[in-house]
Amino acid sequence: MRLIAITGMLHQPKARFTQALMGVLSAETDRLALIDNSEAPLAIAIDGLTRHRLAGGCVCCSLAPALISQLGRLEADYALLPVSALADPGTLALILDNLRGERIQITTVSLIDNLTQTRKPYLTRKLTYYSDFQVYEPYDFSEAVHAAIGLPLLRERHLLSTAAHPA
């Protein structure tokens, strides 16, 4: 199973990116899952989509046991995990690293907005450091969707270069 974790501070970009991923992945497989830990429930309607809502906390701490349990039982080719803005990137990375293995491959994408870059540079550095790649505002999700889906293959071939921070 491929788990794609989507982090960032703003709900709407995470929702749009998740919808864009779902659109592409639903054509690839009928075993698609959404583990929704975003700030508000995502309104995504795709036939055959397995949905799980993890609300009332974040998957890096209070909901980590629920996430681990859910992933252990989940039968899917792809699972998307939009993560609450409350999640600490370092703690989330630790949880996800412990889940990696032959059965679960994980890609973490950080959506970084201008306000976070300006007002919270430390958080921006953490999001950048603990993600596989970043998408900066103004968001272009067309390339990011394909990068998120093909990341492990690119990494094996040493073709991946992390997105450059805009000047």
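What comes next concerns the included structure. (Residues numbered from 1 in each chain as written. Predicted model: local features only at pLDDT ≥ 70, side-chain atom pairs only at ≥ 80, totals over all residues. Heavy atoms only, no water.)

We now examine the side chain of N37. Summarising the element assignment, N37 is placed in the loop between β2 (32-36) and β3 (50-53). Here N37 falls in the buried class, since its relative accessible area comes to 1%. In this structure the side chain of N37 is engaged in a polar contact, spanning 3.4 Å, whose partner is the backbone nitrogen of V59. If we ignore the near neighbours within four places in the chain, the residues touching N37 are R53, L54, G57, C58, V59, L63, L81, P82, V83 and S84. (Helix = DSSP H or I, 4+ residues; strand = E, 2+ residues; numbered from the N terminus. Buried < 20%, exposed > 50% of the residue type's maximum accessible area, 1.4 Å probe, protein only. Polar contact = N/O pair within 3.5 Å; in protein donor to acceptor, adjacent residues only side chain to side chain. Contact = heavy atoms within 4.5 Å.)

Counting buried positions over the seven residues of strand β1 (residues 2-8) gives seven, a clear majority of the element. The side-chain alternation of β1 yields two buried faces, one formed by R2, I4, I6 and G8 and the other by L3, A5 and T7. Examined bridge by bridge, β1 and strand β4 (residues 78-82) share five bridges and lie parallel to one another. When the sheet's bridge partners are listed, R2 is paired in β4 with Y78. (Pairing = 2+ DSSP bridges.)

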